[in-house]
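# Per-entry structural report
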Amino acid sequence: MSKEPVAVVGVGQTRHVAARRDVSIAGLVREAAQRALRDAELTWNDIDAVVIGKAPDFFEGLMMPELYLADALGAVGKPMLRVHTAGSVGGSTALVAANLVAARVHGTVLTLAFEKQSESNAMWGLSLPIPFQQPLLAGAGGFFAPHVRAYMRRSGAPDTIGALVAYKDRRNALKNPYAHLHEHGITLEKVLGAPMLWDPIRYSETCPSSDGACAMVLTDRAGAARAPRPPAWLLGGAMRSEPTLFAGKDFVSPRAGRDCAADVYRQAGIADPRRDIDAVEMYVPFSWYEPMWLENLGFAEEGGGWKLTESGVTELDGDLPVNMSGGVLSTNPIGASGMLRFAEAALQVRGLAGEHQVDGARKVLGHAYGGGSQFFSMWLVGSEPPGA
């Protein structure tokens, strides 16, 4: 029996800020869910199951929060699943929900991811004490900076590429009313002049710590037919993982990322991603990961990703726009950051992305990664159903 086609008919997100002190975690997730339901013109009664995800529980110090969030998400008496795959969890959560619809287990599923970073300190939460980790780094940036250096040596990229990415994404964020960072007056010179945090990563080339949530309503073909607005159709989706450390691991271009992208392209019938995909919402928490992932995902040859960035290909009006919404560099509620990439991809093919809409976007890739570049989740959505 063939899989049921899966459609995104509702998208909702909160306004992302450093601290949402006006709401509890329950209030935060309910806000995003209600907006997704309004977009789909559905009610809580129309939802068959809820799939929720977030980053590690110690970020807020609240263990298994899904147990107390069931009431806020209309899930009392309904199946509710929790997903966790580190930073890629938002994407993985959406894929678990999509698989429930594709397998005809449920007809309509609400999927949601969140983080309330203001109630913790993720940087120090990620800095494990001796003897569990060498005293050589602090936070995720300290872990990833050597991999960026390795990419620069391998590719010969000039040291200004990271600043170009940050300058682009922060300008794109000005067109997204939900983005956390709205840096009016941003210039390339300001980015280049920002303090160096983890050489070669500058302060302005890093993601913020955000409070926020994102939700989507996924449904089957019959549900899509009743949708009040154009749906986004899932053309391919996959998850892959690999160990944090192993002999021969390529931190610059992890095998799991390459394999995950290849699986998505196979499902969607994509022969040449550079030609066949119109735009990408990519998980870029540190600006140098744009050129690195362009290569990992097959949009550029090895050593050529930075050239796409430098030539303007990834600009909002470029040939392959990347992170039209401002991306993780502008908004980072960690648990939801991956789902935001998936949701923004869906908004693009639905033609509902507002000021950061890419004209004529018909196939858009959503990408997320997490852990030590070890967990990957991706989906490709289109304006037409599979096989159309």
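Being a predicted model, the structure only gives us computed values, none of them experimental. (Residues numbered from 1 in each chain as written. Predicted model: local features only at pLDDT ≥ 70, side-chain atom pairs only at ≥ 80, totals over all residues. Heavy atoms only, no water.)

### Describing the pairing of strand 2 (residues 49-54)
Among the six residues of strand 2, six are classified as buried, and the element is accordingly described as predominantly covered. Covered by surrounding structure in strand 2 are A49, V51 and G53 together with V50, I52 and K54, the residues of both alternating faces. Across six bridges, strand 2 lies against strand 4 (residues 108-116) in parallel orientation. Across the sheet, I52 pairs through a bridge with L112, a residue of strand 4. When strand 2 meets strand 3 (residues 80-83), the two strands line up parallel, connected through four bridges. Pairing of V50 across the sheet is with M80, part of strand 3. (Buried < 20%, exposed > 50% of the residue type's maximum accessible area, 1.4 Å probe, protein only. Helix = DSSP H or I, 4+ residues; strand = E, 2+ residues; numbered from the N terminus. Pairing = 2+ DSSP bridges.)

### Some remarks on the sheet that holds strand 8 (residues 232-241)
Read across the sheet, nine strands follow the order 3-2-4-7-1-8-11-10-9 without closing on themselves; strand pairing throughout is mixed. Strands at the two margins of the open sheet, each flanked by one partner only, are strand 3 and strand 9 (279-281). Each strand axis lies, on average, 25 degrees off the axis of its neighbour in the sheet, ignoring direction. Relative to strand 10 (residues 363-370), helix 13 (residues 334-350) is tilted by about 175 degrees, and along the sheet it contacts strand 1 (7-13), strand 2, strand 4, strand 7 (211-219), strand 8, strand 9, strand 10 and strand 11 (375-382). (Axes fitted to C-alpha atoms, helices over the stretch in contact; angles between N-to-C directions. Contact = heavy atoms within 4.5 Å.)

### Quick word on the environment of P56
Position of P56 relative to the elements: it lies in the loop between strand 2 and helix 2 (66-69). Taking C-alpha positions, P56 is 8.2 Å from G335, a pair spaced 279 residues apart along the chain. For P56, the residues in contact, after removing those within four places along its chain, are H84 and E115.

### Considerations on helix 11 (residues 289-296)
Counting buried positions over the eight residues of helix 11 gives eight, a clear majority of the element. Those residues of helix 11 that fall on the buried side of the exposure criterion are Y289, E290, P291, M292, W293, L294, E295 and N296. Buried-residue contacts for helix 11 involve helix 5 (139-155), helix 6 (161-173), helix 9 (255-268), helix 12 (305-310), strand 10 and strand 11. Note on helix 11: the residue one or two positions beyond its end, G298, has a positive phi of about 90 degrees.

Note that all results are geometric; they support no functional claim without further evidence.
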